[in-house]
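Listed below, chain by chain, are the residues.
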Amino acid sequence: MTPSANLLLLLLLGLSQALPLQEPGGEDEEKAPDTVDISTRILTSNKGSDEILLEGDLLVPSTRNALICPNQKCFWKKNSSGLVTVPYTVSSEFTSSEKQLIVSALQGFHRTTCIRFVPRNNETDYISVENKSGCFSSLGKVGGSQVLSLQRYGCVYYGIIQHEFNHALGFRHEHTRSDRDNYVTINWANIDPQEAYNFDKQVTNNLNTPYDYTSIMHYGRTTFSINGQDTITPIPDPKVQIGQSQGLSSWDIVRINKLYSC
């Protein structure tokens, strides 16, 4: 082999090691921090969805509040050992690495709460994780097989998985809680009028926990913007970061444990 051919071979080998190929939702996505805010990723993925979605990723009708549940029917039940078991299935359309990432995100709940997501045996009520058009979930337990969509190309990220499963546990977005006007300003002039309903406040029981800018359930600051300017501005410090996508915050964990009496 000539010297120039050897040099070309070494160059190609170096590039292959520096830029590993990976499928969307592969194992490396858990290791590398996701720097795009969660609502941007979700809404980008949901643009092609034919579902009617509230607040960007909640399946409608959504007549219940995340923290106020009539007769407790929209919460998952606790078993005799004090654990809340939530059966789930994962579509065969997902690759093994994508399934592994989903399991890893669910184990994040196991380490810090009494929630246990378990593979379904023959339970009537369960979450069916499917590769549909977009990232979305029902609010709380709705009964029977309830779809939680994680579109393979756009939604299989650690933070998005936890976000959608937190909806399934019964939690809304942080910016819609009843006391939000004390912590953020909603800039209505920057919001697409057809999307303004996504910023309506809800009557919520906030479980005696503070407003959480770092919640996995918080919108990013330019969500549904028509001009690229902020739709949500933190107060009194407008520079506070909102819309992280790394995973459950410490207050997300506290709220899950309070809601389910862990």
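The rules behind the values
Every chain begins its residue count from 1, and numbering advances along the sequence as written. Local features in this predicted model are restricted to residues whose pLDDT is 70 or higher, and side-chain atom pairs enter the listing and the counts only when it is 80 or higher, whereas totals over whole chains, interfaces and linings include all residues. Side-chain numbers here rest on the full set of heavy atoms in the structure, without hydrogens or water. Only a pair of cysteine sulfur atoms within 2.5 Å qualifies as a disulfide here. Each helix is a run of H or I in the DSSP string that is no shorter than four residues. Each strand is a run of E no shorter than two, and both are numbered from the N terminus. Throughout this description, buried means an accessible area under 20% of the type-specific maximum (1.4 Å probe, protein chains only), exposed means over 50%, and partly exposed covers the range between. Salt bridges are counted wherever a side-chain nitrogen of Lys or Arg sits within 4 Å of a carboxyl oxygen of Asp or Glu. The rule for pairing is simple: two strands pair if DSSP sees at least two bridges between them. Residues are treated as being in contact if the distance between any of their heavy atoms lies within 4.5 Å. Between N-to-C directions, angles cover 0 to 180 degrees, with each direction set by a line fitted to C-alpha atoms, over the stretch in contact for helices. Nitrogen and oxygen atoms within 3.5 Å of one another constitute a polar contact, given that in protein one can donate a hydrogen and the other can accept it, and given that sequence-neighbouring residues count only through two side-chain atoms. Comment on the angle field: the value is read as roughly parallel under 35 degrees, roughly antiparallel over 145, roughly perpendicular from 65 to 115, and oblique elsewhere. Handedness of a crossing follows from how the near helix is turned relative to the far one, being left-handed for an anticlockwise turn of less than a right angle and right-handed for a clockwise one. Just so you know the grouping, Ala, Val, Leu, Ile, Met, Phe, Trp, Tyr, Cys and Pro go in nonpolar, Asp, Glu, Lys and Arg go in charged, and all remaining residues, Gly too, go in polar. In this scheme Phe, Tyr and Trp rings, the latter by its six-membered ring, pair at centre separations within 6.5 Å, and the angle between planes marks the pair as stacked below 30 degrees, edge-to-face above 60, and tilted otherwise.

A. The state of the cysteines, seen in detail. Taken as a whole and assessed by the stated rule, the structure comprises 2 disulfides. With its sulfur 2.0 Å from that of its partner, Cys135 forms a disulfide with Cys155. One disulfide, between Cys135 and Cys155, carries an S-S torsion of -80 degrees and so falls in the left-handed class. Of the two residues, Cys135 sits in strand β6 (residues 135-136) while Cys155 sits in the loop between β7 (145-150) and α5 (158-169), which places them 20 residues apart along the sequence. Its relative accessible area of 0% is what places Cys135 among the buried residues. Given the relative accessible area of 0%, Cys155 is considered buried.

B. Representation of the pattern of salt bridges in the model. This structure, assessed with the given rule, holds 11 salt bridges. For the salt bridge of Arg177 with Glu174, the shortest nitrogen-to-oxygen distance reads 3.1 Å. In this structure Arg177 comes out as buried when scored by relative accessible area, which is 5%. With relative accessibility at 6%, the residue Glu174 sits in the buried group. One continuous salt-bridge network, built from bridges that share partners, spans Glu174, Arg177, Asp179, Asp212, Asp252 and Arg255.

C. Region of the structure containing the pairing of strand β5 (residues 126-130). Counting buried positions along β5 yields 4 of 5 residues, so the element is predominantly enclosed. As judged from the 3 bridges shared by strand β3 (residues 84-90) and β5, these two strands associate in the parallel manner. Bridge pairing in β5 links Tyr88 to Ile127. Looking at chain direction, β5 and β7 are connected through 5 bridges and run parallel. Bridging across to β7, Val129 finds its partner in Leu148.

D. The arrangement of the sheet that holds β3 in detail. On the basis of which strands lie adjacent, the open sheet formed by 5 strands has the order β4-β3-β5-β7-β6 and mixed pairing. At either margin of the open sheet sits one strand with a lone partner, and together these are β4 (115-119) and β6. When β6 meets β7, the two strands line up antiparallel, connected through 2 bridges. By the bridge assignment, Phe136 is partnered in β7 with Ser149. Strand contacts of helix α4 (residues 96-112): β3, β4, β5 and β7, with the helix running at about 150 degrees to β4, the strand carrying the most contacts.

E. The environment of Asn122, seen in detail. Along the chain, Asn122 turns up in the loop between β4 and β5. The spatial distance from the C-alpha of Asn122 to the C-alpha of Pro87 is 9.1 Å, given a sequence separation of 35 residues.

F. Geometry of the side chain of Thr209. Residue placement: Thr209 occurs in the loop between β8 (184-186) and β9 (232-234). Looking at Thr209, the relative accessible area reads 6%, which means it is buried. For Thr209, the side chain forms a polar contact with the main-chain oxygen of Asn206, separated by 2.7 Å. A distance of 2.9 Å separates the side chain of Thr209 from the side chain of Arg255, its partner in a polar contact. Setting aside its immediate chain neighbours within four residues, Thr209 contacts Arg177, Trp251, Val254, Arg255 and Lys258.

G. Here's a closer look at the packing of α4 against α5. Running from N to C, α4 and α5 point in directions that differ by 55 degrees, and their axes come no closer than 9 Å. Comparing their axes, α5 and α4 come out oblique. Taken as a pair, α4 and α5 cross one another with a handedness that is right-handed. Residues Leu101, Ile102, Ser104, Ala105, Leu106, Gly108, Phe109 and Arg111 of α4 lie in contact with α5, whose contacting residues are Tyr158, Ile161, Gln162, Phe165, Asn166 and Leu169. Of the residues that constitute the contact of α4 with α5, the class distribution is 9 nonpolar, 4 polar and 1 charged.

H. Structural context of the packing of aromatic side chains. One pass over the full model with this rule turns up 9 aromatic pairs. With a centroid separation of 5.2 Å and 80 degrees between ring planes, the pair formed by Phe109 and Phe117 is classed as edge-to-face. As far as the burial class goes, Phe109 and Phe117 line up, both buried. Ring plane angle 75 degrees and centroid distance 6.1 Å describe the contact between Phe199 and Phe224, whose orientation is recorded as edge-to-face. Of this pair, Phe199 sits in the loop between β8 and β9 while Phe224 is found in the loop between β8 and β9, placing the two residues 25 residues apart along the sequence.

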